[in-house]
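Analysis of the macromolecular model
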Amino acid sequence: MNQISFIALLLIMGYLIARRFGQIAKTIHLAKPVIVTNSSERWKRVLLLAFGQKKMFEKPFVGIMHLIIYLGFVLINIEIFEIVVDGVLGTHRIFAPFLGNFYPILINFFEILAGGVVVACVVFIARRLSQQVNRLRAASHRELNGFPIKDAMLILIIELVLMSALYLMNAADPGQSFIISKHMKPWLPQENLHLIEQIAWWIHIIGILLFALYVTYSKHLHIFFAFPAVYYSKIDSISQMDAMPHVTNEVNIMLGKPGEASNPDLKFGAQDIKDLTWKNALDAYSCTECGRCTEQCPANQTGRSLSPRKIMMDTRDRLEELQKDPQSTNMLLGNYITAEELRACTTCQACVEACPIQLSPLDIILELRRFQIMEQSDAPGAWNSMFANIETNQAPWKFNPSDRLNWAKS
C-alpha cells in the first residue's frame, strides 16, 4: 500500500506541476516573439549570474545566506532522488550498499548543508520581522501588502519544516548515525523509531511535492525561471534602448531609402501583454520581489509613485488574470499601471543595473509610455513643447539650430 500510495501521489503531483508550467508557458507566449543571437555570451551570463549569483554578492551578507539556501535546494535534491526511488521500489536507502563508506559522508554533507539552510532561513525570518530593511516593508511599499509578505514568510517556514523532517527521518533510522541528526536520537522513544521515521519520510516527500507546486504560484518561481531569464537578457549595453522597427521603416521611406509598405494596423508601444514581448512576460514571472530595483530608483527615493518592482508584479498579475480569463477587458496600462508611474521614470537604468538577474522593468515602462504618448497623445504640456521643438529644431530648446553656438561668442 505504501508503494501504491506513493506512486499515486507522485503521478498526481507531477501532473499538477506539469499542467501549471504549461499554463504559464502558454500565457507567456501570448506576448510577441523575440529573436536572440550570440548563444556563447548568453551561456556565460547564465553561469555568472544565475548559477554563480555574481550580483547577489553586491550585498555580501545577503549573498552568502542566499547561496547557502540555493546550494541546499540544489544538492539536497540528490537525497530526494533516493527517497523517490525508495518510495517507488519499496526499498530503504537503496544507494547505501552501492556507495559503501562514501554514503554516510554524503549524508553528513547534506545534513551540514541543511543546517546552513536552517540558519539562513531563521536569519531571513528575523530580518523581515525586524522591519529594518525598508525595501521589504509593506508599510513603505504598497505592492507588498497582502499575499507578497505572507508568501515570503511561508516559503521560509516551509523550508524549515522540510529540513526538520529530514533530520527527524535520519535520527529515527536505527541503522544509521549522521553528524547532526545523531544528537536527536536520545530524545526519541526507541520503541517507536520505525513509526517516527515513516512519518518524517512522508512529511518530507509530501512537503517537497507540495512545495514544488506552490512555488509555481509564488514569487519563488525564479528558482526555475531565473536561468532562461538570464539567458535571454539583453546582450547589448543596458543603456541602449531598442528602436521601434516600424518607426525606423517610416523614416527610411521619408528619406527615400528602401522600406516596407506602411501598415495602418501597426501600434506604437504597448497597451497590454500582447503588445509586449514574451521576454517581458518571462521577466515578470522571474521577479523575486527583492526590491533592489525599487531601492535604487531615484524617482521612488524622492517620493514618486513609481516602483520598478510594482511594474514587474503588475505585469505578472495581468498575465495571471489573462490565464484565468482570456476574455478580460482590462489592460495593463490603466487598470494596473498608471500614467503617473510611467511619467516618473527618468530612464536612468538603475533598476536594470540593480537586478541580480538583470530583469528589465524599464523595457515594459518604455513600451507603455510609447503607447501613452504616441497612441493616446497623453503627455504633459511641457513634454509636448519639447517634442515639437525636437521635430522642428532638432533639439529640446526653442531656437534655430543655426543659433545653437551663439552662447560661445559672448
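The numbers attached to residues start from 1 for each chain and follow its sequence in the written order. Totals for whole chains, interfaces and linings use all residues, but because this is a predicted model, local features are given only for residues with pLDDT of at least 70 and pairs of side-chain atoms are given and counted only at 80 or more. For side-chain calculations, the full set of non-hydrogen atoms in the structure is used, while hydrogens and water are omitted.

Focus on the packing of helix H2 (residues 39-51) against helix H9 (residues 222-231)
Axes here mean lines fitted to C-alpha atoms, for a helix over just the part in contact, with angles spanning 0 to 180 degrees between N-to-C directions. To qualify as a helix, a DSSP run of H or I must reach at least 4 residues; to qualify as a strand, a run of E must reach at least 2; elements of each kind are numbered from the N terminus. Viewed as axis vectors pointing N to C, H2 and H9 meet at an angle of 140°, and their least axial separation amounts to 8 Å. In this view, H2 runs oblique relative to H9, as classed from their interaxial angle. Crossing of H2 against H9: the hand is right-handed. Contacts between H2 and H9 pair Ser 39, Arg 42, Trp 43, Arg 45, Val 46, Leu 49, Ala 50 and Phe 51 from the former with Ala 226, Phe 227, Val 230 and Tyr 231 from the latter. Note on angle classes: values under 35 degrees are labelled roughly parallel, values over 145 roughly antiparallel, values of 65 to 115 roughly perpendicular, and the remainder oblique. Note on convention: near helix rotated counterclockwise from far helix by under a right angle means a left-handed crossing. Clockwise means right-handed. Whether two residues are in contact is decided by their heavy atoms, any of which lying within 4.5 Å being enough.

A short note on a nonpolar patch on the surface
Grouping into patches uses exposed residues only, defined as over 30% relative accessible area, and leaves out salt-bridged ones; the cut-off is 9 Å for like charges and 5 Å for nonpolar side chains (Val, Leu, Ile, Met, Phe, Trp, Tyr). The method behind every accessible area is Shrake-Rupley, applied with a 1.4 Å probe, and residues are considered shielded solely by the protein chains displayed. Just to be clear on terms, a salt bridge is a Lys or Arg side-chain nitrogen sitting within 4 Å of an Asp or Glu carboxyl oxygen. Residues Ile 157, Val 161, Leu 195, Ile 199 and Ile 203 make up a contiguous nonpolar surface patch of roughly 430 Å² in combined accessible area. At the level of secondary structure, the elements contributing two or more residues to the nonpolar patch comprise helix H7 (147-171) and helix H8 (193-215). In terms of residue count, H8 provides more of the nonpolar patch than any other element does, three residues in total. You can see Val 161 is positioned in helix H7.

With respect to helix H6 (residues 102-130)
Here a helix's expected span is defined as the number of its residues, less one, multiplied by 1.5 Å. Relative to the 42 Å expected for 29 residues at 1.5 Å per residue, H6 spans 42 Å between its end C-alpha atoms, a close match to the ideal helical length. Backbone geometry just after H6 places Gln 131 at a positive phi near 60°.

Quick word on empty space enclosed by the protein
Note on definitions: the grid is 1 Å and covers protein atoms alone; a cavity is a set of points where a 1.4 Å probe fits but cannot get out; a pocket is an open set with protein on both sides within 12 Å along at least five of seven lines; lining residues have an atom within 4 Å of a point. Grid points are joined across faces, edges and corners, and a volume is the space filled by probe spheres set on the points. Evaluated as defined, the whole model comprises two cavities of 30 Å³ or more. Breaking the lining of the largest cavity down by element, the ones donating at least two residues are helix H13 (298-301), helix H17 (350-354) and helix H18 (361-374). Amino acids are sorted into nonpolar (Ala, Val, Leu, Ile, Met, Phe, Trp, Tyr, Cys and Pro), charged (Asp, Glu, Lys and Arg) and polar (every other residue, Gly among them). Tallied by class, the residues present in the lining of the largest cavity amount to eleven nonpolar, three polar and no charged. As a volume, the second largest cavity reaches approximately 30 Å³. Lining of the second largest cavity is provided by Arg 128, Leu 144, Pro 148, Ile 149, Ala 152, Lys 219 and Glu 289. A per-element tally of the lining of the second largest cavity places H7 first, with three residues. Residue classes in the lining of the second largest cavity are distributed as four nonpolar, no polar and three charged.

Section: the nonpolar core
Each nonpolar core is a collection of buried residues, namely Ala, Val, Leu, Ile, Met, Phe, Trp, Tyr and Cys, held together in the definition by side-chain atoms within 4.5 Å. Only protein chains enter the area calculation, which uses a 1.4 Å probe; residues under 20% of their type maximum are buried, those over 50% are exposed, and those in between are partly exposed. Residues Ile 28, Ile 205, Leu 306, Leu 332 and Leu 368 are the most contacted members of the largest nonpolar core, which totals 86 residues. Tallying contributions element by element places H8 first for this core, with eleven residues. Not counting residues within four places of it along the chain, the set of residues in contact with Leu 306 comprises Cys 297, Ala 299, Asn 300, Ile 311, Glu 341, Ala 344, Cys 345 and Ile 365. Counting residues in hydrophobic clusters, the runner-up holds six residues, among them Tyr 103, Ile 107, Phe 110 and Phe 178.

Looking at the pattern of salt bridges
Following the criterion strictly, the structure yields 15 salt bridges and no others. When the shortest N-O distance is used, the salt bridge between Glu 143 and Arg 309 registers 3.0 Å. Separated by 166 residues along the polypeptide, Glu 143 in the loop between H6 and H7 and Arg 309 in helix H14 (residues 308-324) bring together distant segments of the chain. Accessibility assignment for this pair places Glu 143 and Arg 309 in one class, buried. A salt bridge links Asp 272 to Arg 318; the shortest N-O distance between them is 2.7 Å. One end of the pair, Asp 272, is in the loop between helix H10 (245-254) and helix H11 (278-286); the other, Arg 318, is in helix H14, and 46 residues separate them in sequence. The residues Asp 272 and Arg 318 share a single accessibility class, namely buried.

Some details on the packing of aromatic side chains
Stacked, tilted and edge-to-face are the three classes assigned to paired rings of Phe, Tyr and Trp, where Trp is represented by its six-membered ring and a pair needs centres within 6.5 Å; plane angles under 30 degrees give stacked, over 60 edge-to-face, the rest tilted. For the coordinates displayed, the defined rule picks out twelve aromatic pairs. Judged by centre distance (5.0 Å) and plane angle (55°), the rings of Trp 43 and Tyr 231 are tilted. Of this pair, Trp 43 sits in helix H2 while Tyr 231 sits in helix H9, and the two are 188 residues apart along the sequence. When its relative accessible area of 52% is taken as the criterion, Trp 43 is described as exposed. The rings of Phe 21, Phe 224, Phe 225 and Tyr 285 are connected pair by pair, giving a single aromatic cluster. Two thresholds decide whether a charge sits over a ring: the Lys NZ or Arg CZ must be within 6 Å of the ring centre and within 35 degrees of the ring normal. One cation-aromatic arrangement involves Arg 20 over Tyr 217; the distance from NZ or CZ to the ring centre is 4.1 Å.

Looking at the side chain of His 222
Structurally, His 222 can be placed in helix H9. Its relative accessible area of 14% is what places His 222 among the buried residues. Apart from the residues within four sequence positions on either side, His 222 is in contact with His 66, Tyr 285, Ser 286 and Thr 288.

Any functional reading would require information that these geometric values do not contain.
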